[in-house]
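So you can see what is in the structure, the chains are spelled out below.
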Amino acid sequence: HLPGWVPHRKIADAMGFPHSGIEAALAKLRGTPYIWATEFENVHTHWKFHEPSFEVDGRTYAGSEAFFHSQKPRPFDKQLWDGKGPGLGQRD
């Protein structure tokens, strides 16, 4: 029952997503565990909660979507942002 801790792979399986993004994250972190949470998702289509603003390095963001977009290179370079696969782009 949510809220609670659920393995990321169970969430991916339930939503019909592959584990490739999870594997890419673990590879990039050299196997170091990480925590995924709905609050850190930049798209909240499937999650119902009030998203508070937060501050990073003295700058306030309305939510994770605003923070996500602020990380994009300027001028925008799709190849740099996306990379050649999961875990290989600047967005990862």
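Here the structure is a predicted model, which is why all the values come from computation and not from measurement. (Residues numbered from 1 in each chain as written. Predicted model: local features only at pLDDT ≥ 70, side-chain atom pairs only at ≥ 80, totals over all residues. Heavy atoms only, no water.)

Engineer: Would you mind showing me how to read the environment of Gln 79 here?
Structural biologist: Examined against the element boundaries, Gln 79 turns out to sit in helix H4 (residues 78–82). Sequence separation between Gln 79 and Gly 89 is 10 residues, and the spatial gap between their C-alpha atoms is 7.8 Å. (Helix = DSSP H or I, 4+ residues; strand = E, 2+ residues; numbered from the N terminus.)

Engineer: Can you walk me through the packing of helix H1 (residues 8–15) against helix H2 (residues 20–28) in this structure?
Structural biologist: Helix-helix packing is described using two parameters, namely the angle between the two axes and the distance between the axes. Between H1 and H2, the shortest axis-to-axis distance is 10 Å and the interhelical angle comes to 155°. Accordingly, the angle class assigned to the pair H1 and H2 is roughly antiparallel. Contact with H1, carried on its side by His 8, Arg 9 and Ala 12, involves Ile 22, Glu 23 and Leu 26 of H2 and no other residues of that element. Residues belonging to the contact of H1 with H2 are distributed by class as follows: three nonpolar, one polar and two charged. (Axes fitted to C-alpha atoms, helices over the stretch in contact; angles between N-to-C directions. Parallel < 35°, antiparallel > 145°, perpendicular 65-115°, else oblique. Contact = heavy atoms within 4.5 Å. Nonpolar A, V, L, I, M, F, W, Y, C, P; charged D, E, K, R; others polar.)

Engineer: What exactly am I supposed to notice about the packing of aromatic side chains here?
Structural biologist: The geometry of an aromatic ring pair is captured by the separation of the ring centres together with the interplanar angle, meaning the angle of the planes. Applying the stated rule across the entire model yields four aromatic pairs. Relative to Trp 81, the ring of Phe 68 lies with its centre 5.5 Å away and its plane at 65°, an arrangement referred to as edge-to-face. Here Phe 68 is found in helix H3 (residues 64–70), whereas its partner Trp 81 is found in helix H4, with 13 residues between them in sequence. An aromatic cluster of three or more residues is present, and its members are Phe 54, Tyr 61 and Phe 67. (Phe/Tyr/Trp six-rings, centres within 6.5 Å; stacked < 30°, edge-to-face > 60°.)

Engineer: Help me understand the pattern of salt bridges in this model?
Structural biologist: Side chains that differ in charge, positive against negative, can pair when their charged atoms come close. Across all of its chains, the model carries three salt bridges by this definition. Put simply, Glu 23 and Arg 9 hold a salt bridge, and the shortest N to O gap is 2.7 Å. Residue Glu 23 is found in helix H2, and its partner Arg 9 is found in helix H1; the two are separated by 14 residues along the sequence. Of the residues examined, Arg 9 reaches a relative accessible area of 31% and is grouped as partly exposed. In this structure, Asp 82 engages Lys 78 in a salt bridge whose closest nitrogen and oxygen atoms are separated by 2.5 Å. Within this pair, Asp 82 and its partner Lys 78 are both found in helix H4, separated by four residues, close to a single helical turn. According to the relative accessible area criterion, Lys 78 is exposed, its value standing at 54%. Connected via shared salt-bridge partners are Lys 78, Asp 82 and Arg 91. (Salt bridge = Lys/Arg side-chain N within 4 Å of Asp/Glu carboxyl O. Buried < 20%, exposed > 50% of the residue type's maximum accessible area, 1.4 Å probe, protein only.)

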